Amino acid sequence: MKLSVFTASTPDLTMGETISVVKEAGIDGIEWRFADVPQDALDEETSFWRNNLCSIPIASEKAKWFEYRLAAEEANITSVGVLPNMAAGDLVTTERLLRAASFMDASFIRLGVPLYNGDEPYSKLYAEAREYLRKSELLCRNYGVKGIVEIHHNTIISSASAARRLCEGFDPAFIGILYDPGNMIYEGYENFRMGLDIMGAYLAHVHVKNVSWSRVVDTDGNDIWKADWAGLRKGCVPWPQLVDDLKAIGYEGYLGLEDYSGEFATKEMLYEFAQYFRTLLS
């Protein structure tokens, strides 16, 4: 297994700074955040989802892609993937990002998945998502880049079982699953080893974060349980056991850091991740 970092979690580092620290930390690859920084966010403090300094604009073209690709190649860092926050069914953006990934020699892009809030029936959202994946698979074949769907709370694939059902019947060479056990602490928890077995050949990538539950008082004064980001060693995901499970099934892909806990400053977070997971992988 190799290590990578998703630049959504390095918002205060520029592209050059990110590559420099990634190389120094001994991390193998980068997952590029493809997203527009809102104009009204430019004067804000840096943040994961708004003023993120290591973001590639959605409408960017080859000149920008070449800048990022070349910088990574010169540092001997792999551009692992292209990760937008994309609506399910958006084939125009899907093809644009497949073109970017192919140009940058990245192996996958993240596809859109329908959100679920109860307003529309699951059956309708599922059918629409299947049709989107069918069309996306054809595009992925054309560009030689895999499309992956992320297990995520508040979507129709919050568990490994749901993700496998969505992908069933598609070619795992071109459609796969981004396994995110941290997200499954929010919603969708299944026995982690069982989930790996369920996904089978569709397992394409793993995101590394952690989440914990605590009792808090909400705005109405109610005592409730709430999930929130936690340090890698401190949350509910048992990473030492999960790494052993990944070894047991023969997983040879990337473990991609996506830490939003704020436990460490960004540079220290990257060093901590590399040191901790190199130990687990040894």
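In what follows, the structure referred to is the one given above.
Calculation rules
Residues numbered from 1 in each chain as written. Predicted model: local features only at pLDDT ≥ 70, side-chain atom pairs only at ≥ 80, totals over all residues. Heavy atoms only, no water. Helix = DSSP H or I, 4+ residues; strand = E, 2+ residues; numbered from the N terminus. Buried < 20%, exposed > 50% of the residue type's maximum accessible area, 1.4 Å probe, protein only. Contact = heavy atoms within 4.5 Å. Areas by Shrake-Rupley, 256 points an atom, 1.4 Å probe, with all protein chains shown as cover. Lys, Arg positive; Asp, Glu negative; His and termini not counted. Charge placed at Lys NZ, Arg CZ, Asp CG, Glu CD. 1 Å grid on protein atoms, 1.4 Å probe; cavity = no way out; pocket = protein on both sides within 12 Å on 5 of 7 lines; lining within 4 Å. Points joined across faces, edges and corners; volume = space filled by probe spheres on them. Nonpolar A, V, L, I, M, F, W, Y, C, P; charged D, E, K, R; others polar. Expected span 1.5 Å × (residues − 1). Arc of directions from axis to C-beta. Pairing = 2+ DSSP bridges. Right-handed = clockwise from strand over helix to strand, strands pointing away. Phe/Tyr/Trp six-rings, centres within 6.5 Å; stacked < 30°, edge-to-face > 60°. Core = buried A, V, L, I, M, F, W, Y, C linked by side-chain atoms within 4.5 Å. Salt bridge = Lys/Arg side-chain N within 4 Å of Asp/Glu carboxyl O.

Engineer: Could you give an account of the overall build of the chain, with specific residues and numbers?
Structural biologist: Scanning the chain from terminus to terminus reveals nine helices and 11 strands. For the chain, the C-alpha atoms occupy an extent of roughly 50 × 45 × 40 Å along the three principal directions. Relative to its 282 residues, the chain shows a buried fraction of 51%. Excluding contacts between residues fewer than 6 apart, the proportion of contacts in the chain whose partners are at least 24 apart in sequence is 76%. By element, 51% of the accessible surface of the chain is carried by carbon and sulfur atoms, the whole surface being about 12500 Å². The average position of the 27 basic charges and that of the 41 acidic charges among the side chains of the chain differ by 5 Å.

Engineer: Can you lay out unusual backbone geometry for me, pointing to particular residues and giving the numbers?
Structural biologist: You will see that Asn-76, though not glycine, has its phi angle at about 60°, which is positive. Located in the positive-phi region is Asp-105, a residue other than glycine, with phi close to 60°. Tracing the backbone through its elements, the reader meets Asp-105 in the loop between helix H3 (91–104) and strand S5 (108–110).

Engineer: Now, about empty space enclosed by the protein: what can you tell me, with residues and values included?
Structural biologist: This structure, assessed with the given rule, holds one cavity of 30 Å³ or more. Volume-wise, the largest cavity comes out at about 40 Å³. The wall of the largest cavity is formed by Leu-232, Asp-259, Glu-263, Phe-264, Met-269 and Glu-272. Class assignment of the residues belonging to the lining of the largest cavity gives a composition of three nonpolar, no polar and three charged.

Engineer: An account of the layout of surface pockets is requested, with residue identities and associated values reported.
Structural biologist: Within this model, the largest pocket holds a volume of roughly 480 Å³. Around the largest pocket, the lining is made up of 21 residues, and of these Asn-85, Arg-110, Leu-115, Glu-150 and His-152 lie nearest the centre.

Engineer: Break down helix H2 (residues 62–74) for me, with residues and values.
Structural biologist: What sets the pattern is the α-helix's 3.6 residues per turn: residues three or four places apart point alike. If you check H2, its first and last C-alpha atoms are 18 Å apart, about what 13 residues at 1.5 Å a residue would give, namely 18 Å. Buried within H2 are the following residues: Trp-65, Tyr-68, Arg-69 and Ala-72. One side of H2 carries all its buried residues, which in axial view fall inside an arc of 95°. Exposed side chains of H2 directed beyond 90 degrees from the buried face belong to Ala-63 and Glu-74. Lining the buried residues of H2 we find helix H1 (15–25), strand S2 (29–34), strand S3 (55–56), strand S4 (78–84) and H3. Phi for Asn-76, located one or two positions after H2, is positive at around 60°.

Engineer: Which residues make up the pairing of strand S1 (residues 2–6), and what values go with them?
Structural biologist: Of all five residues making up S1, four are buried, and the element is well covered by its neighbours. Note that S1 and strand S11 (residues 254–257) share four bridges and pair parallel. Pairing of Leu-3 across the sheet is with Leu-255, part of S11. Pairing between S1 and S2: three bridges, direction parallel. Bridged to Phe-6 within S2 is Glu-31. Crossover connection from S1 via H1 to parallel S2: handedness right-handed.

Engineer: For the packing of aromatic side chains, give the residues involved together with the corresponding values.
Structural biologist: Taken as a whole, this structure holds 11 aromatic pairs when the rule is applied. Pairing Tyr-189 with Phe-192 gives two aromatic rings, centres 5.2 Å apart and planes at 90°, and the pair type is edge-to-face. When the centroid spacing of 5.3 Å and the interplanar angle of 65° are considered together, the rings of Trp-229 and Tyr-260 count as edge-to-face. In this pair, Trp-229 sits in strand S10 (residues 223–230) while Tyr-260 sits in the loop between S11 and helix H9 (266–281), placing the two residues 31 residues apart along the sequence.

Engineer: Pulling in residues and values, what's your account of the nonpolar core?
Structural biologist: If you look at the biggest cluster of nonpolar residues, it comprises 79 residues, and the most contacted ones within it are Trp-32, Phe-34, Tyr-179, Trp-239, Leu-270 and Phe-277. Setting aside residues up to four positions removed in sequence, Phe-34 forms contacts with Ile-56, Pro-57, Ile-58, Ser-60, Trp-65, Val-82, Leu-83, Pro-84, Asn-85, Leu-97, Ala-100 and Met-104. Counting residues in each nonpolar core, the second largest holds 10 residues, with Phe-6, Leu-83, Ile-148 and Leu-178 among its members.

Engineer: Explain the pattern of salt bridges residue by residue, including any values.
Structural biologist: Taken as a whole, this structure holds 22 salt bridges when the rule is applied. A salt bridge links Arg-69 to Glu-73; its shortest N-O distance comes to 3.6 Å. Of this pair, Arg-69 and Glu-73 both sit in helix H2, four residues apart, roughly one helical turn. In this structure, the salt-bridge partner of Lys-135 is Glu-131, at a minimum N-O distance of 3.7 Å. With Lys-135 and Glu-131 both in helix H4 (residues 122–143) and four residues apart, the pair spans about one turn of that helix. Accessibility expressed as a relative area gives 35% for Lys-135, which makes it partly exposed. Residue class for Glu-131 comes out partly exposed when judged on its relative accessible area of 32%.

The values are spatial; any link to function lies outside them.
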